[in-house]
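Overview (structure and organization)
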Amino acid sequence: MPKKPACEQMLQVLKLVPVGRVVSYGQLADLAGLPGRARLAGRCLLQCEETVPWHRVVRSDGRLAFSAGFAQFTEQRILLTDEGISVINGRVKMREVVWKPDLYTLLVELSG
DNA sequence: ATACGGGCACCGG
DNA sequence: GCCGGTGCCCGTA
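Treat the numbers as computed from the prediction; the structure is a model and nothing was measured.

Rules behind the numbers
Residues numbered from 1 in each chain as written. Chains lettered and ligands numbered in written order. Predicted model: local features only at pLDDT ≥ 70, side-chain atom pairs only at ≥ 80, totals over all residues. Heavy atoms only, no water. Near = heavy atom within 4 Å. Polar contact = N/O pair within 3.5 Å; in protein donor to acceptor, adjacent residues only side chain to side chain. Nonpolar A, V, L, I, M, F, W, Y, C, P; charged D, E, K, R; others polar. Helix = DSSP H or I, 4+ residues; strand = E, 2+ residues; numbered from the N terminus.

Regarding the protein's contact with DNA strand B
Taken together, the residues surrounding DNA strand B are R37, R39, R43, R63, N89 and R91. Between DNA strand B and R37, the relevant distance is 2.7 Å, taken from a phosphate oxygen to a side-chain nitrogen or oxygen of the residue. Within the side chain of R43, an N or O atom sits 3.4 Å from a base nitrogen of DNA strand B. Counted by class, the surface near DNA strand B contains no nonpolar, one polar and five charged residues.

Have a look at this one:
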């Protein structure tokens, strides 16, 4: 795994999250080799300039990070719904939609 | 048992 | 210090 700036590595991982699946901020950080940096993951998405599936990132308990009533909350709900992920009471059912990547495959994809 | 929602500790930038 | 696109504990229903 080549050494890269933290945000870039997390965005790399994020791009691999398949349609219809989600990851938590902490999971994204973990997979990027930055355990315990959940909030950093959120910051990366905020500052991110390229196009990434930001809507596939939610809190570890399934709640959307944005507060209900904010435009981005609605946007995320719509994007997720379009992918077949139902958002009820501002949260998704992690048991059903969380991404569980095969770590070996992930490593290969990040390397080459 | 399970879901909802409030609240606060955590940890960089 | 201050401030988050967090995590997770805990009381309720």
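Describing the protein's contact with DNA strand C
Taken together, 16 residues lie near DNA strand C, and Y25, G26, L46, W54 and S60 sit nearest. Within 4 Å of the protein, the contacting atoms of DNA strand C are drawn from sugar and phosphate to the extent of 40%. One of the backbone nitrogen or oxygen atoms of W54 is found 2.8 Å away from a base nitrogen of DNA strand C. Mapped by element, the contributors of at least two residues to the surface near DNA strand C are helix 2 (25–31) and helix 3 (38–47). The element best represented in the surface near DNA strand C is helix 3, accounting for five residues. Of the residues contributing to the surface near DNA strand C, the split by class is eight nonpolar, four polar and four charged.

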